[in-house]
Amino acid sequence: MEGDAEYILPTETKYVGEMKDGMFHGQGTLYFPSGSRFDAIWEKGLVVKGTYTFSDGLQYEAEHWHYCDSCDRRFYTEICHGLKPAGISQLTNMDPPRKIPEGCYDCGDGFYNPATRIIKDYRNRFLRNADDDEHEWIIRTCRKGWDEIVGHRPKL
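Given the structure is predicted, the values throughout are model-derived calculations rather than measurements. (Residues numbered from 1 in each chain as written. Predicted model: local features only at pLDDT ≥ 70, side-chain atom pairs only at ≥ 80, totals over all residues. Heavy atoms only, no water.)

Engineer: What is the right way to look at the sheet that holds strand β9 (residues 126–129) in this model?
Structural biologist: Two orientations exist for strands paired in a sheet by backbone hydrogen bonds: parallel and antiparallel. Taken in spatial order, the five strands make up an open sheet running β9-β8-β7-β6-β10, and their pairing is antiparallel. The sheet is open, and its two edges are formed by β9 and β10 (143–144), each paired on a single side. In the sheet, strand β6 (residues 105–106) pairs with β10 via two bridges, with the strands oriented antiparallel. Counted as the bridge partner of Y105 is K144 from β10. In the packing of helix α2 (residues 132–141) onto the sheet, the strands contacted are β6, β7 (111–113), β8 (118–120), β9 and β10, and the crossing angle to β7 comes to about 110°. (Pairing = 2+ DSSP bridges. Helix = DSSP H or I, 4+ residues; strand = E, 2+ residues; numbered from the N terminus. Contact = heavy atoms within 4.5 Å. Axes fitted to C-alpha atoms, helices over the stretch in contact; angles between N-to-C directions.)

Laid out in structure tokens, this is it:
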């Protein structure tokens with residue numbers, strides 16, 4: 001492929017831009033199924049310079065990244081539109097949050113079933129199998145699709 005091109009990868013990620021010798025070369029954009037995008041200048045298939053923009057419009061900055069860090073835990077939608085009134089929690093950047101299937105976790109790009117160790121996207125299509133490290137990280141940090149009682153529980 002040579003010149004201006006539009007190429008769809010098996011993951012449904014779409015590249016629109018310049019190509020040379022079958023590689024990304026020049027200006028081009030990767031459009032991801034999640035709605036995010038990566039605008040870049042490419043040289044022989046490698047990124048020279050690029051900007052990643054999340055589906056909600058937040059741009060990633062490699063230097064001085066302050067989104068959802070220890071100093072400011074607000075979601076991007078809260079930064080743009082303000083906080084909710086006291087007593088109404090916002091659990092994710094998406095409000096209302098996705099409903100998580102029973103027994104599964106929301107790992108950011110899909111739902112994870114720990115019984116099968118399979119991650120499927122939000123449209124129920126296979127994404128990947130989780131290795132041990134990803135499994136442990138998901139169990140430790142991601143929202144789950146069921147409630148648990150934590151803390152003191154009086155005898156009923």
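Engineer: Would you take a moment to explain the nonpolar core for this structure?
Structural biologist: A5, Y15, M19, F24, L30, F38, A40 and W42 form the largest nonpolar core, which has eight residues in total. Of all the secondary-structure elements, those providing two or more residues to this core are β2 (14–20), β3 (23–31) and β4 (37–43). Not counting residues within four places of it along the chain, the set of residues in contact with Y15 comprises A5, E6, Y7, F24, H25, Q27, G28, T29, L30 and W42. If you look at the next biggest cluster of nonpolar residues, it comprises seven residues, including Y105, C107, Y112 and I138. (Core = buried A, V, L, I, M, F, W, Y, C linked by side-chain atoms within 4.5 Å. Buried < 20%, exposed > 50% of the residue type's maximum accessible area, 1.4 Å probe, protein only.)

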